[in-house]
Amino acid sequence: HQSLQVRQADKDEEDFVSISLKLIGMNYTGLKKYDSSKKYFDAGLAMCRRFGDKSGEAIILTNYASMFSYQKDYDKAVEYALNAKSIWDEVDPNFETALENTGALGSYYLQMAKITDTQKIVSVKPLSLTKNGLLQSAKKYLEEATQKSKVQNNHSIYTSALASLAETNAMLGDYKNA
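We now turn to the structure provided with this report. (Residues numbered from 1 in each chain as written. Predicted model: local features only at pLDDT ≥ 70, side-chain atom pairs only at ≥ 80, totals over all residues. Heavy atoms only, no water.)

### Quick word on unusual backbone geometry
- Residue Lys32 is not a glycine yet carries a positive backbone phi of 60 degrees.
- Along the polypeptide, Lys32 turns up in the loop between helix H2 (14-30) and helix H3 (34-51).
- Positive phi outside glycine occurs at Asn153, with the angle close to 60 degrees.
- Relative to the elements of secondary structure, Asn153 occurs in the loop between helix H7 (131-151) and helix H8 (155-171).
- When its relative accessible area of 53% is taken as the criterion, Asn153 is described as exposed. (Helix = DSSP H or I, 4+ residues; strand = E, 2+ residues; numbered from the N terminus. Buried < 20%, exposed > 50% of the residue type's maximum accessible area, 1.4 Å probe, protein only.)

### Considerations on the pattern of salt bridges
- Considering all chains together, one arrives at seven salt bridges under this definition.
- Ionic pairing is found between Arg49 and Glu57, a salt bridge with its closest N-O pair at 3.0 Å.
- Notably, a salt bridge pairs Glu144 with Lys85, separated by 2.9 Å at the nearest N-O pair. Placement of Glu144 in helix H7 and of Lys85 in helix H5 (residues 74-91) is noted, with a sequence separation of 59 residues between them. (Salt bridge = Lys/Arg side-chain N within 4 Å of Asp/Glu carboxyl O.)

### Structural notes on helix H6 (residues 96-114)
- Across its 19 residues, H6 extends 27 Å between first and last C-alpha, which sits within 8% of the 27 Å expected from 1.5 Å per residue.
- Burial within H6 is extensive, with 14 of its 19 residues counted as buried. (Expected span 1.5 Å × (residues − 1).)

### Remarks on the layout of surface pockets
- Roughly 520 Å³ of volume is contained in the largest pocket.
- Around the largest pocket sit 27 residues that line it, and Thr62, Ser66, Glu100, Ala104 and Tyr108 are the ones nearest its centre.
- Its residues assigned to classes, the lining of the largest pocket shows 12 nonpolar, 13 polar and two charged. (1 Å grid on protein atoms, 1.4 Å probe; cavity = no way out; pocket = protein on both sides within 12 Å on 5 of 7 lines; lining within 4 Å. Points joined across faces, edges and corners; volume = space filled by probe spheres on them. Nonpolar A, V, L, I, M, F, W, Y, C, P; charged D, E, K, R; others polar.)

Listed below in structure tokens is the structure:
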């Protein structure tokens, strides 16, 4: 918290305060102190919006999605990841965090499909999806993350998205591409 206090005291450092808030929020997520995470993410998000920092906003929304996935609240994870993706697509769809977000979005849909009965309809803002619909959404985002990370030569994101894509294809009965 000391770096936050230093940056808040220095008017030339105001634009970096949101970075400190985001990092503190991420640390609290790692500690599973989600109320504290939310407090710092909210403050960082407000600053990014006030300064018009779209990339910072997308990063914090991506971190929110991750926080919700740790809590197994995949509806919220998808909601925040979709909001982040719409910003990433506008500002820099090939940025590393944008690729991570896209792959994670596919993984959130996959996780929802794993815990959903075949006929049950799941409400995921703004859609209502069956298990198959969740898998199709997972496939869409995982294919995008796989393709873009391969072009960017980002092996970490590529292998993670590819593994989830193989699992998604297997669940869809597409064993050739699994």
